[in-house]
Amino acid sequence: MSDETLPPNLPAAQPTVLKPSDEPQLVLLRHGQTEWSASGQHTGRTDLPLTADGEAQARSAGATLAAYEFAAVLTSPRTRARRTAELTGHADAVVDEDLAEWDYGPVDGRTSRDVSKILGRDFQIFDDGVRVLPPSAEHGEGRPGETLDQVAVRAARVVARAEEVLSGNGPGNGPGNGPGSGGHVLLVAHGHLLRVLATVWLGVDPRLGARFELGTAAVCLLGYGHGLRTIEGWNLAAQ
């Protein structure tokens with residue numbers, strides 16, 4: 001299509017605004033784009049900032065969640081997550097070390113294609129883990145990296161803390177805190193950590209996280225139905 005055939009003054013796409021559920025939800029938000037998320041490089045403890053596009057994505061996510069009032073907002077300690085929380089309107093988010101991304105060790109900074117070439121076969125991180133490569137000073141500062149089960153243990157601790165607030169039995173950092181006043185909880189973190197957390201929420205094998213695509217600045221909604229933990233929305237408003 002030539003420039004002459006383009007409709008004039010097309011309006012910018014408006015963010016989808018989500019309507020909060022009447023029942024408390026655990027809301028997940030992946031951080032906005034970084035240089036490595038754009039290139040497909042695994043980014044664990046490496047602390048990269050958001051790109052300009054990533055900052056715009058975070059602001060858009062804030063608009064998507066504008067109708068929510070959160071009883072607690074927790075964020076990963078990494079700069080990309082804390083900045084995302086700030087740009088969504090939650091500069092007071094509480095840092096939770098357990099929300100840090102998977103420590104990829106020797107896979108940090110490499111793409112899946114890079115690792116596949118080294119192994120001579122397809123690499124699937126949820127099946128293979130990151131310890132398929134030896135520790136490397138250039139990747140992960142010589143750390144062996146975490147196992148998937150170790151990431152799941154951290155995620156389970158986050159879920160336990162979040163459920164205290166969801167039920168109204170624990171502290172929060174927003175309106176309506178305290179026993180008997182359960183409210184929504186927002187977690188701002190990373191792609192793989194949040195995918196593992198979703199499997200923990202459902203009580204299924206963490207390897208199933210491989211099946212949950214999650215774009216940058218995407219929103220997910222976890223809740224309850226018929227006495228079960230459920231997924232009410234996944235990869236919403238992904239950028």
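Coordinates for the structure precede this section.
Residues numbered from 1 in each chain as written. Predicted model: local features only at pLDDT ≥ 70, side-chain atom pairs only at ≥ 80, totals over all residues. Heavy atoms only, no water.

Points about helix H2 (residues 52–64)
Here is step 1: Compared with an ideal rise of 1.5 Å per residue, which puts 13 residues at 18 Å, H2 spans 19 Å between its outermost C-alpha atoms and is within 8% of the ideal.
Here is step 2: Listed in full, the buried residues belonging to H2 are Gly 54, Gln 57, Ala 58, Ser 60, Ala 61, Gly 62 and Thr 64.
Here is step 3: Looking at the buried positions of H2, the neighbouring elements they touch are strand S1 (26–30), helix H3 (79–87) and strand S5 (219–225). (Helix = DSSP H or I, 4+ residues; strand = E, 2+ residues; numbered from the N terminus. Expected span 1.5 Å × (residues − 1). Buried < 20%, exposed > 50% of the residue type's maximum accessible area, 1.4 Å probe, protein only. Contact = heavy atoms within 4.5 Å.)

Thoughts on the pattern of salt bridges
Here is step 1: Under the defined criterion, the tally for this structure stands at 13 salt bridges.
Here is step 2: Residue Arg 161 is joined to Asp 98 by a salt bridge in which the shortest nitrogen-to-oxygen separation is 2.7 Å. With Arg 161 in helix H6 (residues 148–166) and Asp 98 in the loop between strand S3 (94–95) and helix H4 (112–119), this pair connects stretches of sequence that are 63 residues apart.
Here is step 3: For Arg 161, a relative accessible area of 33% gives the class partly exposed.
Here is step 4: Judged by its relative accessible area of 10%, Asp 98 is buried.
Here is step 5: Put simply, Arg 229 and Glu 163 hold a salt bridge, and the shortest N to O gap is 2.6 Å. One end of the pair, Arg 229, is in strand S6 (residues 228–236); the other, Glu 163, is in helix H6, and 66 residues separate them in sequence.
Here is step 6: Overlapping salt bridges bring together Arg 45, Asp 103, Glu 141 and Arg 143 as one network. (Salt bridge = Lys/Arg side-chain N within 4 Å of Asp/Glu carboxyl O.)

Some thoughts on the nonpolar core
Side chains that are nonpolar tend, in soluble globular proteins, to be buried together.
Here is step 1: Of all hydrophobic cores here, the largest spans 40 residues; its most connected members are Leu 26, Leu 28, Leu 187 and Leu 197.
Here is step 2: Mapped by element, the contributors of at least two residues to this core are S1, strand S2 (70–75), helix H5 (125–128), H6, strand S4 (184–189), helix H7 (191–202) and S5.
Here is step 3: Counting residues per element, this core draws most heavily on H6, at nine residues.
Here is step 4: Beyond its immediate stretch of four places on either side in the chain, Leu 26 contacts Ala 162, Leu 166, Val 185, Leu 187, Leu 197, Trp 201, Cys 220, Leu 221 and Leu 222.
Here is step 5: Residues Leu 18, Val 27, Ala 85 and Val 188 belong to the second largest nonpolar core, which totals 15 residues. (Core = buried A, V, L, I, M, F, W, Y, C linked by side-chain atoms within 4.5 Å.)

Notes on the sheet that holds S4
Here is step 1: The six strands are arranged S3-S2-S4-S1-S5-S6 in an open sheet whose pairing can be described as mixed. A strand with exactly one partner marks an edge of an open sheet, and here the two such strands are S3 and S6.
Here is step 2: In this fold H7 packs onto S1, S4, S5 and S6, with an angle of close to 155° to the strand it touches most, S6. (Pairing = 2+ DSSP bridges. Axes fitted to C-alpha atoms, helices over the stretch in contact; angles between N-to-C directions.)

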